[in-house]
Every structure is written in structure tokens, then in C-alpha cells.
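Below are the chains, spelled out letter by letter.
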Amino acid sequence: MPTSQVEAFYEREADGRFLPTAYTRGPWDADSQHAGPPAALLGLAVEQRPGARPDTRVARLTYEIMRPVPMRPLTVTTRGRRAGRSVELVEAALTPDGGQEAMRATALLMKTAPDSVPQVSPGGQVPGPGTVPHKAFFPVPWDQGYHTAMEIRFAAGSFLEPGPATAWMRMRVPLVAGEEITPLSRVLTAADSGNGVSAALDFNRYVFINADLTVSLHRHPEGEWVCLDARTMVDGAGIGLAESALYDEKGLLGRSTQSLYVAERG
């Protein structure tokens, strides 16, 4: 059960220790968190780690999701794996009280030098969040959770329509109580939803659980809204892939992928 009632996904109890709230609860299991908030918590730990260089920025985060993250207090740790002049690797891990490590992230950071090279912006855009309607989350058997902590507007598709979808997402509450939301946190809180918004199979008949998440960003996110232009592919043997082009209101900013375990519900 949640251990904090603050209006945020987490309350910071101490350095590296966080108490989840009901807003972290995922739509499938009342005792498990949606993977988006824990992914953002690991990303925040990378950003806030001791000795972080101000001239580097996260270019890629790769997550291994070993098991569902329970609704219990979490301990987050970081360690440097390799540091060079231009590229740095940092590892972050998340462990619930009384349990085994649930998620691990490897962050690739790159040195930045503003206006040092020509900027190349890919073409294409998606309808902005102000031009598309709000659509309901699929039915969830509890009143408070990730589904109420995120505002979602679909430019194409919906949770109740199988197939590709384009969804704008915005956090209604902070990641950590009393702390400003970082641009990276906004992306990571949303990115794990790609397989959900673009579900290719019936939620009621099949599970399509992601065992990993990779988020690559070629520029820094801007604004409150993050868009997932997502699609899911499934092989008959039970392995799938969800991929999302990631946008903010300025345009394309990166991509995310998820490897899926797909099976009929037992």
C-alpha cells in the first residue's frame, strides 16, 4: 500500500530513499507501480548524483525491468561506470524495502557545447495538445493511480482502439513532493506508456508487458507536454516491440523502444 499521501508521485524521506503515493499505482495490479514514475526517479538520480558535470546531458537511458515495482518505499543508488572527456556512463538502481532490485538504468551522458555545430532539425510535426480532445483512460478498478496523475490527449487513436496512436501526456503532480519537475523527468514519466497507448491486442485477452525501456534524446525537452507517436508490432511466438517517436511542442526530440512479452491471459 502507499506510504505517503502527498500530492506527488513520491515523497523524499532521505537522500536516496523515497515513499510512493497512490499516484504511482499502475492500472493492472493494485500492489504494483506503473513503470513510468520509477523510470523518472532513476533518471532524476542520474541528474542529481554527486559530482554531476554541468556541461553534460543525458543522451540515452536504457532500463532493465526485472520485476514489477511494488507499492513500497524505494532505495535508489547510482554509480559511475566510465567517465571520459566527452562521454560518461552512469548506472542507477532501484530496490524496494524487503525485496530484490526491481529496475536498473544505464545512462549515457554526452558533453554539450551550445552553438558549437549546425543544428539539424528533422521535419514533421504532430497536432499540438491544445488542438486535440481529452479521451478517457481505459477502465481501471481503483480511483487513484497513474491514470489520474497524467493528463492524456490523443491526436490519433485512443486507449480503446487497437493500433498506432499519437498521445500527448502531461504530469498533473510533481515527481517528488516539493521539488521542481525536470524536463527529463517529464519525458521518462510518459515514455513507458508507448505499449499502452498503441496496444495492438485486446487488453482483456492478452498481456504485453515490457521488460525494458530505451529512451534516446537528441535535444533537451521543453514545456510541460510530451507526445508519444507510438506503434506496436507482435510476432506470433509471443515477442513484441513498441516504438515511439517522442515530441514536445517544439517538435521531435527523440525515440523510445520497449521489448514486449506477449501472452494470452491465464
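Note: the structure precedes this text.
In this report, the structure presented in the accompanying data block is examined. (Residues numbered from 1 in each chain as written. Predicted model: local features only at pLDDT ≥ 70, side-chain atom pairs only at ≥ 80, totals over all residues. Heavy atoms only, no water.)

Attention now moves to the overall build of the protein chain. When you go through the protein chain residue by residue, the secondary structure sums to four helices and 13 strands. In terms of overall dimensions, the protein chain is globule-like: its C-alpha atoms have a radius of gyration of 18 Å, near the 18 Å expected for 266 residues. Here the C-alpha coordinates of the protein chain stretch approximately 50 × 50 × 40 Å along the principal axes. Going through the 266 residues of the protein chain one by one, you find that 53% of them count as buried. (Helix = DSSP H or I, 4+ residues; strand = E, 2+ residues; numbered from the N terminus. Rg over C-alpha atoms; globule rule 2.2 N^0.38 Å. Buried < 20%, exposed > 50% of the residue type's maximum accessible area, 1.4 Å probe, protein only.)

Here the structure, examined in full by the defined rule, presents 14 salt bridges. When the shortest N-O distance is used, the salt bridge between K250 and E222 registers 3.4 Å. Here the residue K250 occupies a position in the loop between β12 (239-248) and β13 (251-264), and E222 occupies one in the loop between β10 (212-217) and β11 (226-234), the gap between them amounting to 28 residues. Classification of E222 by relative accessible area gives partly exposed; the value is 43%. Within the structure, one salt-bridge network assembled from shared partners comprises E151, R153, R170 and E224. (Salt bridge = Lys/Arg side-chain N within 4 Å of Asp/Glu carboxyl O.)

Moving on, we come to the environment of R72. Tracing the chain through its elements places R72 in the loop between β3 (56-65) and β4 (74-83). Between the alpha carbons of R72 and E249 there is a distance of 35 Å; along the sequence they are 177 residues apart. When near neighbours in sequence (up to four residues on either side) are disregarded, R72 contacts P20, Q33, P96, D97, G98 and G99. (Contact = heavy atoms within 4.5 Å.)

Our focus in this paragraph is helix α1 (residues 36-48). Across its 13 residues, α1 extends 18 Å between first and last C-alpha, which sits within 8% of the 18 Å expected from 1.5 Å per residue. The element α1 is extensively covered by neighbouring structure, given that eleven of its 13 residues are classed as buried. For α1, every residue scored as buried is listed here: G36, P37, P38, A39, A40, L41, L42, G43, L44, A45 and V46. (Expected span 1.5 Å × (residues − 1).)

Let us now look at the environment of F203. Along the polypeptide, F203 turns up in the loop between α4 (194-197) and β9 (206-210). Expressed as a C-alpha distance, the spacing of F203 and R265, which sit 62 residues apart in the sequence, is 9.2 Å.

We now examine the pairing of β13. Sheet analysis places β9 next to β13, joined by five bridges and oriented antiparallel. By the bridge assignment, N210 is partnered in β13 with L260. Both β10 and β13 contribute to a ladder of four bridges, which runs antiparallel. What sits directly across from T214, in β13, is T257. Judged from the ten bridges that link them, β12 and β13 form a sheet pairing that is antiparallel. The residue bridging E243 from the neighbouring strand is T257, located in β13. Two successive antiparallel strands, β12 and β13, enclose a turn made up of two residues. (Pairing = 2+ DSSP bridges.)

Bringing the packing of aromatic side chains into the picture now. Counted by the stated rule, this structure contains four aromatic pairs. A ring pair is formed by Y10 and F18, whose centres lie 6.5 Å apart and whose planes are at 70°; its orientation type is edge-to-face. With respect to burial, Y10 and F18 carry one shared label: buried. Taken together, a centroid distance of 5.4 Å and an interplanar angle of 35° make the contact between W28 and F203 tilted. A residue pair is termed long-range when its members are at least 10 positions apart, and W28 in the loop between β2 (17-20) and α1 and F203 in the loop between α4 and β9 qualify at 175 residues. Taken together, W28, F203 and F208 form an aromatic cluster joined through their ring pairs. The ring of W28 has R265 sitting right over it, with the charged end atom 4.9 Å from the ring centre. (Phe/Tyr/Trp six-rings, centres within 6.5 Å; stacked < 30°, edge-to-face > 60°. Lys NZ or Arg CZ within 6 Å of the ring centre and 35° of its normal.)

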